[in-house]
Amino acid sequence: MSELEKALDRLNGAVATLLDASKRGRSEQGTHEAQIAKLTAERDRLRTELAELRAAREEDAKLRGEAAEAVKAALGDLRTILAVHDQEAARAGRQGGRNG
């Protein structure tokens, strides 16, 4: 085999190796692209879930505030009712003392 034939064989071997590496690279690139797409979708899903949780937290805080105000109003009403009841009881006691 002449030097030229040996060089051609080496060149053919290098080209075959390069083609195999290129095919593997494309295959790996496709795998990486699929992984990137999967991770991007997961990131987007988590962003959406986080936004929903933040909105729910804000709504919960608003509802807790409204509930606290309603409880304060109800307690105020109860205090008023008790005060009126106490006044009526005191008045009844004074009237009963005059009559007795």
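Heads up: the structure comes first, above all this text.
Residues numbered from 1 in each chain as written. Predicted model: local features only at pLDDT ≥ 70, side-chain atom pairs only at ≥ 80, totals over all residues. Heavy atoms only, no water.

## Here's the deal with the overall build of the chain
Phase 1: The number of helices and strands found in the chain is one helix and zero strands.
Phase 2: Its C-alpha radius of gyration of 42 Å places the chain more than 25% over the 13 Å reference for a compact globule of 100 residues.
Phase 3: Projected onto its principal axes, the C-alpha coordinates of the chain cover approximately 140 × 15 × 10 Å.
Phase 4: Considering the chain as a whole, with its 100 residues, one finds that 0% of them fall into the buried category.
Phase 5: Element-wise, carbon and sulfur atoms account for 59% of the exposed surface of the chain, whose accessible area totals about 8800 Å².
Phase 6: The positive charge centre, built from 18 side chains, and the negative charge centre, built from 18, are 6 Å apart in the chain. (Helix = DSSP H or I, 4+ residues; strand = E, 2+ residues; numbered from the N terminus. Rg over C-alpha atoms; globule rule 2.2 N^0.38 Å. Buried < 20%, exposed > 50% of the residue type's maximum accessible area, 1.4 Å probe, protein only. Areas by Shrake-Rupley, 256 points an atom, 1.4 Å probe, with all protein chains shown as cover. Lys, Arg positive; Asp, Glu negative; His and termini not counted. Charge placed at Lys NZ, Arg CZ, Asp CG, Glu CD.)

## Focus: the pattern of salt bridges
Phase 1: Counted according to the given criterion, the structure contains four salt bridges.
Phase 2: Between D44 and R43 there is a salt bridge whose closest N-O contact spans 3.0 Å.
Phase 3: For D44, a relative accessible area of 34% gives the class partly exposed.
Phase 4: You can call R43 partly exposed: its relative accessible area is 39%.
Phase 5: The salt bridge partner of K72 is E69, with a shortest N-O separation of 3.7 Å. With K72 and E69 both in helix α1 (residues 3-99), this residue pair falls three residues apart, about one helical turn.
Phase 6: A relative accessible area of 54% means that K72 is categorised as exposed.
Phase 7: Using a relative accessible area of 48% as the deciding quantity, one classes E69 as partly exposed. (Salt bridge = Lys/Arg side-chain N within 4 Å of Asp/Glu carboxyl O.)

## Re the environment of A37
Phase 1: Turning to its location among the elements, A37 is positioned in helix α1.
Phase 2: For A37 and A68, which are 31 residues apart along the polypeptide, the C-alpha to C-alpha distance reads 46 Å.

## Points about a nonpolar patch on the surface
Phase 1: A surface patch of nonpolar side chains, amounting to about 480 Å² of accessible area, comprises L4, L8, L11, V15 and L19.
Phase 2: Among the structural elements, L4 can be located in helix α1.
Phase 3: The class of L4 is exposed, set by a relative accessible area of 61%. (Patch = residues over 30% accessible without salt bridge, like charges linked within 9 Å, V, L, I, M, F, W, Y side chains within 5 Å.)

## A short note on the environment of D44
Phase 1: Counting through the fold element by element, D44 comes out in helix α1.
Phase 2: Within the structure, D44 has its side chain in polar contact with the side chain of R43 (distance 3.0 Å). (Polar contact = N/O pair within 3.5 Å; in protein donor to acceptor, adjacent residues only side chain to side chain.)

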